[in-house]
Amino acid sequence: MRILGIETSCDETAVALVEDGRLVGERLATQIDVHALFGGVVPEIASREHLRVLPRLFDELMTDTGLTPADLDGVAVARGPGLLGSLLVGLSFSKGLCLATGAPLVGVNHLMAHLLAPGLDGALRFPALGLLVSGGHTHIYLLRSATDFELLGRTLDDAAGEAFDKVAKLLNIAYPGGRFIDMLASEAEPDTALFPRPYVDNDNLDFSFSGLKTAVANHVAAHPEVVLDKMAGAEGLAGISGVRRQELARICASFNWSVAQTLKIKVERALERTQGVCSLIVAGGVAANSAVRRTMAQVADSAGVALTLPSLSLCTDNAAMIAYAGWLLFRAGYRHGLDLEAVPRGRA
Ligand code: KG4
Ligand code: ZN
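Residues numbered from 1 in each chain as written. Chains lettered and ligands numbered in written order. Predicted model: local features only at pLDDT ≥ 70, side-chain atom pairs only at ≥ 80, totals over all residues.

Novice: Account for the sheet that holds strand 3 (residues 22-30), naming residues and giving values.
Specialist: With mixed pairing, five strands are arranged side by side in an open sheet as 3-2-1-4-5. Sheet topology places strand 3 and strand 5 (105-109) at the edges, where each strand pairs with a single neighbour. In this sheet, adjacent strand axes meet at a mean angle of 20° when their direction is disregarded. Here helix 2 (residues 43-65) sits on the sheet in contact with strand 2 (12-19) and strand 3, set at roughly 25° to strand 2. Most of the contacts of helix 3 (residues 84-101) go to strand 4 (residues 74-80), to which it runs at about 160°, and overall it touches strand 1 (2-7), strand 4 and strand 5. (Pairing = 2+ DSSP bridges. Helix = DSSP H or I, 4+ residues; strand = E, 2+ residues; numbered from the N terminus. Axes fitted to C-alpha atoms, helices over the stretch in contact; angles between N-to-C directions. Contact = placed C-beta atoms within 7 Å.)

See the structure below:
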């Protein structure tokens, strides 16, 4: 079964083809440079970019794989959560393809697709505990199977990735700053007393990262000399050296540590409360973070469950995960009509 996946939920436009559960081709265009100028994603610009780029990426994918639209056995599209205008571009394109070819359509929950993505690299084991840490979400799920999941905990305010990006902004590091914070963090040891592990002194599985962001803001306000003179991305950061780089690295390593430890406390709590879980799946953009990957390996090890982490390219938004989740849904008998709607918030 050949399934086309389409992803346009935020600032990545992507198409991919999965055949019998294996990735056979993909094309991705990121809008990061367009939005970096504004310090975050501008929804109206995002949808226009998707509209401009998506048809070309699809044509390129067909050329790469030597297929025509008539060869598709199904179309899977991210229906949410995400930006409404952006989602509608992917949905409209998918519906047009289905109408033209007669291929069936299935809408995919973007968050589930993140969690199922590592299935492209190796078999997933259920029941699993799923930690989804991305720019928009920090959720803990119980996944009984690939199509049966229950939300156990979520962030009450900022998502983990959002906290990374906001802290980066405080330091004048370019959007999205998570990967730069992670890079700088590798150059220092964390000061574990510098920042709190927010919202852990309770009995629940929810998160709140806004207090941690405020703690970093207070530290930066007291040490304004660490803030970069002008907005810096990879190139600008390469030119920072000496004491300022060391101090930046110390802040980043300490922040990395606080986020990873906070996730650890809640995931351990969730593992204690769920029966028979045999694997821990960690997914989403922040699953690319080195401290998160290391810490989750320890958590899985001491709980005696298998750790499933997507490869780095499958952590951030992509269409391979949409095609793969769509393939699982088609196989399980799911289909949607052409009246499928976008679900910008909540469960899709
Ligand atoms: O899953 P994703 O691509 O998009 C959403 O669905 O939100 O996640 C993007 C988020 C951004 O906040 C970005 O800063 C963060 O993932 N991110 C990282 C790293 N790589 C990406 N955060 C921390 N460390 C990283 N290495
Ligand atoms: Zn995502």
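Novice: Residues and numbers for unusual backbone geometry, please.
Specialist: Along the chain, phenylalanine 126 connects to proline 127 via a cis peptide bond; the corresponding omega equals -5°. A cis amide bond, omega -15°, links tyrosine 175 with the succeeding residue proline 176. The phi dihedral of asparagine 172 is positive, around 70°, even though this residue is not glycine. Within the fold, asparagine 172 resides in the loop between helix 5 (160-170) and helix 6 (178-185). Here asparagine 172 falls in the partly exposed class, since 16 other C-beta atoms lie within 10 Å of it. Even without glycine at this site, tyrosine 199 takes up a positive phi of about 55°. Assignment of secondary structure puts tyrosine 199 in the loop between helix 6 and helix 7 (210-222). (Buried ≥ 20, exposed ≤ 12 C-beta atoms within 10 Å, placed from the backbone.)

Novice: So what's going on with the packing of helix 5 against helix 7? Residues and values would help.
Specialist: As a packed pair, helix 5 and helix 7 sit with axes 10 Å apart at the nearest point and diverge in direction by 10°. Considering their axes alone, helix 5 and helix 7 lie roughly parallel with respect to each other. Contact residues: helix 5 offers Ala163, Lys166, Val167 and Leu170, while helix 7 offers Leu212, Lys213, Val216, Ala217 and Val220. For the contact of helix 5 with helix 7, the class distribution of residues is seven nonpolar, no polar and two charged. (Parallel < 35°, antiparallel > 145°, perpendicular 65-115°, else oblique. Nonpolar A, V, L, I, M, F, W, Y, C, P; charged D, E, K, R; others polar.)

Novice: Which residues make up the packing of helix 9 (residues 242-273) against helix 10 (residues 290-303), and what are the values?
Specialist: Contact geometry of helix 9 with helix 10 gives a least axis separation of 9 Å together with a crossing angle of 25°. For the element pair helix 9 / helix 10, the angle class is roughly parallel. Crossing of helix 9 over helix 10 shows right-handed handedness. Contacts from Asn256, Trp257, Ala260, Gln261, Leu263, Lys264, Val267, Glu268 and Leu271 of helix 9 reach helix 10 at Ala291, Val292, Thr295, Val299 and Ala303. Taken together, the residues that form the contact of helix 9 with helix 10 break down as nine nonpolar, three polar and two charged. (Left-handed = near helix turned anticlockwise from the far one by under 90°.)

Novice: Before we move on, could you go through the site of ligand 1 and cite the residues and values that matter?
Specialist: Contacts to ligand 1 come from 19 residues, most closely from Gly135, Gly161, Gly178, Gly285 and Asn289. Secondary-structure elements contributing two or more residues to the shell around ligand 1 are helix 5 and helix 6. A class-by-class count of the residues in the shell around ligand 1 yields five nonpolar, 10 polar and four charged. Counting only domains with at least three residues in the shell around ligand 1, you end up with domain 1 (2-117 + 316-331) and domain 2 (125-309). (Near = placed C-beta within 6 Å. Domains from an automatic or database assignment.)

Novice: Describe in detail the pairing of strand 4, supporting the description with residues and values.
Specialist: For strand 4, the tally of buried residues reaches seven of seven residues, placing the bulk of the element in the interior. Pairing between strand 1 and strand 4: four bridges, direction parallel. The residue of strand 4 that forms the bridge with isoleucine 6 is valine 77. Two strands pair when backbone bridges link them, and strand 4 and strand 5 are joined in this way by five bridges, in the parallel orientation. Across the sheet, the residue bridging to alanine 76 is valine 106, located in strand 5. In terms of handedness, the path from strand 4 via helix 3 over to strand 5 forms a crossover that is right-handed. (Right-handed = clockwise from strand over helix to strand, strands pointing away.)

Novice: Kindly report on the sheet that holds strand 6 (residues 128-133), identifying the contributing residues and their values.
Specialist: Strand order in this open sheet of five strands is 8-7-6-9-10, and the pairing throughout is mixed. Only two strands of the sheet have a single partner each, and these edge strands are strand 8 (148-154) and strand 10 (306-308). Taken over all neighbouring pairs, the strand axes of this sheet differ in orientation by 20° on average, direction set aside. Relative to strand 10, strand 9 (residues 279-283) runs parallel, the two sharing three bridges. Along strand 10, the bridge assignment pairs leucine 280 with leucine 307. On top of the sheet, helix 9 reaches strand 6, strand 7 (138-145), strand 8 and strand 9; it is set at about 155° to strand 6, its chief contact. With respect to the sheet, helix 10 is in contact with strand 6, strand 9 and strand 10, its orientation differing from that of strand 9 by roughly 170°.

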